[in-house]
Amino acid sequence: SEHWVIVRPMTGKRDAYGAVVTVTTDQSKQTRVAHPTVGYLSSSHPTAHFGLGIAKAIQSIDILWPDQTRERFAAAGVDRQIVVQKGSGRSP
């Protein structure tokens, strides 16, 4: 079956609008910009959604924050939403 992950980058208690998220698996490397999904009279949290295909594990999640700093995060698995907090990752 097809796997996925949604990444929500946060700076403190705020969503990190415009953060660039890269997810690496043994199958692929994909990059998305975290931005809110907008519908009629509504907006949701800015997230980056990745289709992972058959990959069952994520090797790393890399974030380029809006202030141009970079961090790398481990992923706890697939088929879930992961919130990453600025300052809690490590240098890539």
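Our subject is the structure that appears above.
About the cut-offs
Residues numbered from 1 in each chain as written. Predicted model: local features only at pLDDT ≥ 70, side-chain atom pairs only at ≥ 80, totals over all residues. Heavy atoms only, no water. Salt bridge = Lys/Arg side-chain N within 4 Å of Asp/Glu carboxyl O. Buried < 20%, exposed > 50% of the residue type's maximum accessible area, 1.4 Å probe, protein only. Helix = DSSP H or I, 4+ residues; strand = E, 2+ residues; numbered from the N terminus. Pairing = 2+ DSSP bridges. Axes fitted to C-alpha atoms, helices over the stretch in contact; angles between N-to-C directions.

## Quick look at the pattern of salt bridges
Here is step 1: Applying the stated criterion to the full structure yields three salt bridges.
Here is step 2: Here Arg 8 ties to Asp 15 by a salt bridge, and the two come within 2.7 Å at their closest N and O atoms.
Here is step 3: You can call Arg 8 buried: its relative accessible area is 15%.
Here is step 4: Looking at Asp 15, the relative accessible area reads 17%, which means it is buried.
Here is step 5: For Arg 72, the salt bridge is made with Asp 62, and the minimal N-O distance between the two is 2.6 Å. Within this pair, whereas Arg 72 is found in strand 8 (residues 70-73), its partner Asp 62 is found in strand 7 (residues 60-64), the two being separated by ten residues in sequence.

## Considerations on the sheet that holds strand 8
Here is step 1: Pairing in this open sheet of four strands is antiparallel, and the strands run 4-3-7-8 from one edge to the other. The sheet terminates laterally at strand 4 (29-33) and strand 8, the two strands that pair on one side only. Averaged over all neighbouring strand pairs, the angle between strand axes comes to 20 degrees, with direction disregarded.
Here is step 2: In this structure, strand 3 (residues 20-24) lies alongside strand 4, joined through five bridges in antiparallel fashion. Residue pairing for strand 4: Thr 22 is matched across the bridge by Thr 31.

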